[in-house]
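What follows is each chain in one-letter form.
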Amino acid sequence: MELSTALLLGLVLLVFLWWNKLSRPKGFPPGPPALPVLGNMLQMDFTNLLKDLQEFSKVYGPVFSIYLGFTPAVVVRGIKDLKEVLVNKGIDSADRPQNRLIKAISGARGLVLATYGRAWKEHRRFTLSTLRNFGLGKKSMEERIREESSYLIQELKNNKDTLYDPHFVIDNAVSNIICSIVFGKRYGYDDTTFRDILNLVHEHMKMATSIWAQLYNAFGFVKHLPLPHQKIFKNLKIIFAFLGNVLEEHKKNRVPGQPRDYIDCYLDELDKEKEDSNQSTFDAENLFTCMVDLFVAGTETTSSSLEWCLLYMMLHPDIQEKCREEIHRIRGDRDHLDYEDRMMMPYTQAVLQEVQRCASIVPLGVTHSSIKDIQLNGYTIPKGTMIIPDLSSVHYDESQWKYPHEFNPENFLNKEGELVKVDSFLPFSAGPRSCLGENLARMEIFLFFTAMLTHFEFQWPDQKSPPDLTPVFGITQAPKRFKMRLVPHT
Ligand code: HEM
């Protein structure tokens, strides 16, 4: 065979393979034409996917598909279809895709990235009840947060006369809550080792959605190339080693049957399971993955929310003042607010929810995967397809909000100034896989925020240029680092 004929045949074969792999099956949601091998990856800006997804949906509707390499994914936008897939068909969509990166991070175990099944169900139930039990008898979650707030306020007081970047102490304070629940430890704000670990967690949250992570997922051979995705594994190794040491230290001082924290409860459960003849899903590997999951999921999400709160309060000093008035009125001459007090504070609650709406902290949630064929909006999503829930899409939907494109707590208040429940508010997602830490996160945000506002007025230092609200996109949308002025308030 002549070389030219062989080349031509090769080309035809490649085109055929591409067409076979990337042409959308009948009934599959439509989407932008995909390129051979790369799919739609070159048509998207992975440093902020939201804009591209919005543009695609203008052409293909609220349910459409994209190809990440050879892997199809269905993007779901808008409250109607998101509720349908996450809640009404919540079990059918409750799996997690097991791509290369997810396998490397969690091995399908634990909580966040675990496959749907008995192990995930038992671990979710155990974790929820253990978190709840920490409100009884032992130091309650509320007490832990209040104690940490006093450290945070003291640290802020120490910096009242400077232009101050609050990122690290807020991150550290928030992380101390989950660390104290999971392994009974808090870290001082001058602990540089812990600061380094938190920085790696932030870097991880950014890199996990980067183009390099997508390339690694799409093409196995990339694993061995000296590309930026190697940083993901380097960081994970350090984070895992840090938490592994904490776990080993913890085991040494444990008294069986007298749990101090989540790890002790889990170890007690392991002891019980040893005597049980039923094949248990509780084991050392799952314990470690749950520990990593709670540490990572419970830190940046909540600390970014609080940083956004400060930025929005500096941008709107009138709203900041109204919150403070409500805080002082309800607190009276007590030295702190209780979480229960929020029920009498509709304005502050509306402000906190408005921050979560505008900032859309976890804009694309965590990817789901279909357990069986799902019918959605006239299309079929076949079993085993990746589903990307665009939670941010409902937060700026013009048909759902009084003020979709401005920061305005009235979005959550009626004419009488009462807090109203809005369906199109999904910061924690919805359905069986919704955020497991929602209650904890709400409590932390309320108590830390009100404590800070009780003691300080937050001022943006530069009158000429307002804060830059462009988020740093990743699994979470964190604000850019900023400096502020703290004016003590009596
Ligand atoms: C403002 C703070 C937070 C936000 C906005 C947030 C948001 C989310 C979202 C959108 C998901 C994905 C849900 C889905 O797949 O449909 C999620 C999952 C999860 N979150 Fe949060 N989260 C926050 C704080 C926390 C905290 C403090 C914890 C720690 C206890 C936590 C633990 C988890 C876990 C374990 C999952 C996985 C649940 C599962 O797959 O069953 N989150 N979160």
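Residues numbered from 1 in each chain as written. Predicted model: local features only at pLDDT ≥ 70, side-chain atom pairs only at ≥ 80, totals over all residues. Heavy atoms only, no water.

Undergrad: Give me the lowdown on the site of the ligand, citing residues and values where you can.
TA: Taken together, 28 residues lie near the ligand, and Arg-96, Arg-124, His-368, Ser-429 and Cys-435 sit nearest. Within the contact set of the ligand, an oxygen atom lies 3.2 Å away from a backbone nitrogen or oxygen of Leu-111. Here an oxygen atom of the ligand sits 2.8 Å away from a polar atom, N or O, in the side chain of His-368. When residues of the shell around the ligand are traced back to their parent elements, those giving at least two are α5 (118-133), α12 (284-297), α13 (300-315) and α17 (438-455). At three residues, the largest contribution of residues to the shell around the ligand is made by α13. Along the lines of polarity and charge, the residues of the shell around the ligand split into 15 nonpolar, 10 polar and three charged. (Near = heavy atom within 4 Å. Polar contact = N/O pair within 3.5 Å; in protein donor to acceptor, adjacent residues only side chain to side chain. Helix = DSSP H or I, 4+ residues; strand = E, 2+ residues; numbered from the N terminus. Nonpolar A, V, L, I, M, F, W, Y, C, P; charged D, E, K, R; others polar.)

Undergrad: Which residues make up the pairing of strand β7 (residues 386-389), and what values go with them?
TA: The alternating pattern of β7 places Met-386 and Ile-388 and Ile-387 and Pro-389 on opposite faces, both of which are buried. As paired elements, strand β2 (residues 71-76) and β7 share four bridges and run parallel to each other. Residue pairing across strands places Val-75 opposite Ile-388, the latter belonging to β7. (Buried < 20%, exposed > 50% of the residue type's maximum accessible area, 1.4 Å probe, protein only. Pairing = 2+ DSSP bridges.)

Undergrad: Give a description of the pairing of strand β1 (residues 63-68) that names residues and reports values.
TA: Counting buried positions over the six residues of β1 gives six, a clear majority of the element. Because side chains alternate across β1, one face comprises the buried residues Val-63, Ser-65 and Tyr-67, and the other comprises Phe-64, Ile-66 and Leu-68, equally buried. One ladder, built from six bridges, connects β1 with β2; its direction is antiparallel. Counterpart to Leu-68 in the pairing with β2 is Thr-71. Where β1 hands over to β2, the hairpin turn is made up of two residues, of which Gly-69 adopts a positive phi near 65 degrees.

Undergrad: Could you give an account of the sheet that holds strand β8 (residues 456-459), with specific residues and numbers?
TA: Strands sit in the order β3-β9-β8 across an open sheet of three strands; the sheet is antiparallel. At either margin of the open sheet sits one strand with a lone partner, and together these are β3 (163-164) and β8. On top of the sheet, helix α6 (residues 141-158) reaches β3, β8 and β9 (484-488); it is set at about 55 degrees to β8, its chief contact. (Contact = heavy atoms within 4.5 Å. Axes fitted to C-alpha atoms, helices over the stretch in contact; angles between N-to-C directions.)

Undergrad: Can you explain the coordination of the iron atom of the ligand? Please cite residues and give values.
TA: Here the protein supplies the iron atom of the ligand with just one donor, Cys-435 (SG), and that contact is 2.3 Å long. On the secondary structure map, Cys-435 appears in the loop between α16 (392-395) and α17. (Donors = N, O, S within 2.8 Å, 3.2 Å for Na, K, Ca; no water.)

Undergrad: Go over the packing of helix α7 (residues 167-183) against α13 with me, naming the residues and quoting the values.
TA: For the pair α7 and α13, interaxial distance at closest approach is 9 Å and the crossing angle is 135 degrees. Looking at the two axes, α7 sits oblique to α13. The two elements α7 and α13 cross, and the hand of that crossing is right-handed. Judged by residue contacts, His-167, Ile-170, Asp-171 and Val-174 of α7 engage Thr-302, Ser-303, Leu-306, Glu-307 and Leu-310 from α13. Residue composition of the contact of α7 with α13, by class: four nonpolar, three polar and two charged. (Parallel < 35°, antiparallel > 145°, perpendicular 65-115°, else oblique. Left-handed = near helix turned anticlockwise from the far one by under 90°.)

Undergrad: So, α7: which residues are in play, and what are the values?
TA: For α7, which comprises 17 residues, the first-to-last C-alpha distance of 23 Å matches the rise-based estimate of 24 Å (1.5 Å per residue) to within 8%. By the criterion of burial, α7 is predominantly enclosed, with 17 of the 17 residues buried. With its phi angle positive at about 60 degrees, Gly-184 sits one or two positions after the end of α7. (Expected span 1.5 Å × (residues − 1).)

Undergrad: Give me the packing of aromatic side chains: which residues, what numbers.
TA: In total, this model carries 19 aromatic pairs according to the counting rule given. Ring geometry for Tyr-187 and Phe-242: centres 5.9 Å apart, planes at 45 degrees, overall tilted. Of this pair, Tyr-187 sits in the loop between α7 and α8 (192-207) while Phe-242 sits in helix α10 (residues 230-252), and the two are 55 residues apart along the sequence. Tyr-187 sits in the buried class, given a relative accessible area of 6%. Taking 5.9 Å as the distance between ring centres and 65 degrees as the angle between the ring planes, the aromatic pair formed by Tyr-339 and Phe-446 counts as edge-to-face. Pair noted here: Tyr-339 is in the loop between α14 (317-331) and α15 (346-359) and Phe-446 is in helix α17, with a separation of 107 residues, a long-range link. Across this residue pair, the class does not change: Tyr-339 and Phe-446 are buried. (Phe/Tyr/Trp six-rings, centres within 6.5 Å; stacked < 30°, edge-to-face > 60°.)

Undergrad: Let's hear about the packing of α8 against α10: which residues, and what values?
TA: It is the contact of α8 with α10, at a shortest axis distance of 10 Å, that shows an interaxial angle of 140 degrees. Taken as axis vectors, α8 and α10 run oblique relative to one another. Two packed elements cross with a definite hand, and for α8 against α10 that hand is left-handed. Across from Phe-194, Ile-197, Leu-200, Val-201, Glu-203, His-204 and Met-207 in α8, the residues of α10 making contact are Lys-231, Ile-232, Asn-235, Leu-236, Ile-238, Ile-239 and Phe-242. Class assignment for the residues of the contact of α8 with α10 results in 10 nonpolar, two polar and two charged.

Undergrad: Kindly report on the side chain of Glu-307, identifying the contributing residues and their values.
TA: Residue placement: Glu-307 occurs in helix α13. Look at Glu-307: it is buried, it has no salt bridge, and the nearest opposite charge is Arg-481 at 6.1 Å. Leave out the neighbours within four places in its chain, and Glu-307 touches His-167, Ile-170, Pro-479 and Phe-482. (Lys, Arg positive; Asp, Glu negative; His and termini not counted. Salt bridge = Lys/Arg side-chain N within 4 Å of Asp/Glu carboxyl O.)

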